[in-house]
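Here is how the chains run, residue by residue.
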Amino acid sequence: MSPIDKLTERFTRQVARGTSRRSLLTMLGGAMTGAAIIPVLPVSRAQAQSHGGGDSGVPPQTTGNPQDPGDQTRCDYWRYCAIDGFICACCGGTANSCPPGTEMSPITWIGTCRNPADNRSYIISYNDCCGKSSCGRCLCNRNDGDRPMVRPQANNDINWCLGTGSSIYNCSTAVILGVATEGQ
């Protein structure tokens, strides 16, 4: 018999003498309970805190138009005042277009956002891009002007991919439809 076999046998017999089935079940139960507690430990959820731009690894993206100021990869971009989802500018698209391999939903929700360049309000159509799994970058959830479900056209909590070939959500765009009329 080799020395490794003898050492293994001696160790196994020593463990068998010092433990019982009950103690083994106790240890297994403790390990299972400890494993169940791990997900509730306080840890930094960096991705949940991500709001685009520098903290998501996406380079800044501007239109180059002084009348359309801001970084399209940041949640504080003026067009994103009522968006809820991943920003398409961080996922291979732009504020107006879907990433390659996805299709823009014809069903949308709308919002009215104020452009800081001219201090006018614009009607923004928020179109979901569908067909590929969620991008997972630059999550933005702003609810300016969000309405309850009784007015679904102004609610951003619905999966708007129902009008496309696939109901799988990827990201959201913010397309300017026109200037909003000023209230009297």
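Up top is the structure.
Residues numbered from 1 in each chain as written. Predicted model: local features only at pLDDT ≥ 70, side-chain atom pairs only at ≥ 80, totals over all residues. Heavy atoms only, no water.

(A) Layout of the side chain of Asp 71. With respect to the element layout, Asp 71 can be found in the loop between helix H3 (46-49) and strand S1 (84-86). Of the side chains with opposite charge, Arg 74 comes closest to the buried, unpaired Asp 71, at an N-O distance of 5.0 Å. At 2.7 Å, the side chain of Asp 71 forms a polar contact with the side chain of Thr 73. Leave out the neighbours within four places in its chain, and Asp 71 touches Pro 60, Gln 61, Thr 62 and Tyr 77. (Helix = DSSP H or I, 4+ residues; strand = E, 2+ residues; numbered from the N terminus. Buried < 20%, exposed > 50% of the residue type's maximum accessible area, 1.4 Å probe, protein only. Lys, Arg positive; Asp, Glu negative; His and termini not counted. Salt bridge = Lys/Arg side-chain N within 4 Å of Asp/Glu carboxyl O. Polar contact = N/O pair within 3.5 Å; in protein donor to acceptor, adjacent residues only side chain to side chain. Contact = heavy atoms within 4.5 Å.)

(B) Representation of the environment of Pro 59 in the model. Mapped onto the secondary structure, Pro 59 falls in the loop between H3 and S1. When the C-alpha positions of Pro 59 and Cys 90 are compared, they lie 8.5 Å apart, and in sequence the two are 31 residues distant.

(C) Here's a closer look at unusual backbone geometry. In this model, Asn 119 sits at a positive phi of 55°, which is unusual for a non-glycine residue. When you line up the elements, Asn 119 lands in the loop between strand S3 (109-115) and strand S4 (120-126). Phi angles above zero are rare outside glycine, and Cys 138 is one such case at about 60°. Mapped onto the elements of the fold, Cys 138 is located in the loop between strand S5 (128-130) and strand S6 (139-141). Accessibility expressed as a relative area gives 2% for Cys 138, which makes it buried.

In short, the description is geometric, and any link to function would need to be established separately.
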